[in-house]
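Topology and contacts: notes
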Amino acid sequence: MTVPPRVLVPAPVVRSLPGYEVTCSATGSPPIYLALMRDNTVLVNTTTPARVRLYTEGNYTCVATSRYGTNTSNFVLSFVGRCLV
């Protein structure tokens, strides 16, 4: 049985500290290609869960693509504090 991809993101609004890792993943029949994007710019393109440290608040999109379809999910990154680096 073939299953189209379905993006999994933590929540519609992700609250994090600057520089912490944010992840999006997908379910479905492999191989699934994942892209994490901001303002139409690809930040990460992988076949494993997309993980990236984010330092900019804003709107992000996770896109999952396979030969069985494409699925997207949007989320907003909002900072709750400051990273002490």
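Summary of the structure given here.

The rules we used
Residues numbered from 1 in each chain as written. Predicted model: local features only at pLDDT ≥ 70, side-chain atom pairs only at ≥ 80, totals over all residues. Heavy atoms only, no water. Pairing = 2+ DSSP bridges. Helix = DSSP H or I, 4+ residues; strand = E, 2+ residues; numbered from the N terminus. Axes fitted to C-alpha atoms, helices over the stretch in contact; angles between N-to-C directions. Buried < 20%, exposed > 50% of the residue type's maximum accessible area, 1.4 Å probe, protein only. Contact = heavy atoms within 4.5 Å. Polar contact = N/O pair within 3.5 Å; in protein donor to acceptor, adjacent residues only side chain to side chain.

Some remarks on the sheet that holds strand β6 (residues 50-53)
- In space, the 3 strands of this open sheet follow the order β1-β3-β6, with antiparallel pairing throughout. Looking at which strands have only one partner, the edges of the open sheet turn out to be β1 (6-8) and β6. Put simply, the sheet's adjacent strands are angled 20° from each other on average, direction ignored.
- The pairing of β1 with strand β3 (residues 21-27) spans 3 bridges and is antiparallel. Within β3, the residue paired with R6 across the bridge is T27.

Here we look at the environment of V63
- With respect to the helices and strands, V63 occurs in strand β7 (residues 58-66).
- The class for V63 is buried, based on a relative accessible area of 15%.
- With 38 residues separating them in the primary sequence, V63 and S25 have C-alpha atoms 9.1 Å apart.
- Apart from the residues lying within four places of it in its own chain, the contact partners of V63 are V7, Y33, L34, A35, M37, T70, N71 and T72.

Structural notes on the environment of N74
- Secondary-structure assignment places N74 in strand β8 (residues 69-79).
- Given the relative accessible area of 52%, N74 is considered exposed.
- Separated by 38 residues in the primary sequence, N74 and L36 place their C-alpha atoms 9.8 Å from one another.
- The residues contacting N74, other than those within four sequence positions of it, are P12, Y60 and T61.
- Of note is the side chain of N74, whose polar atom sits 2.7 Å from the side chain of T61.

Some remarks on the pairing of β6
- Burial of the side chains of β6 is restricted to one face: A50 and V52 are buried, whereas none of R51 and R53 on the reverse face is.
- Alignment of β3 against β6, held across 4 bridges, turns out to be antiparallel. Counted as the bridge partner of C24 is A50 from β6.

As for the side chain of S29
- Structurally, S29 is set in the loop between β3 and β4 (33-38).
- Judged by its relative accessible area of 10%, S29 falls in the buried class.
- Reaching out from S29, the side chain makes a polar contact with the backbone nitrogen of V3 at a distance of 2.7 Å.
- With residues up to four places along the chain from it excluded, the contact list for S29 reads M1, T2, V3, S66 and Y68.

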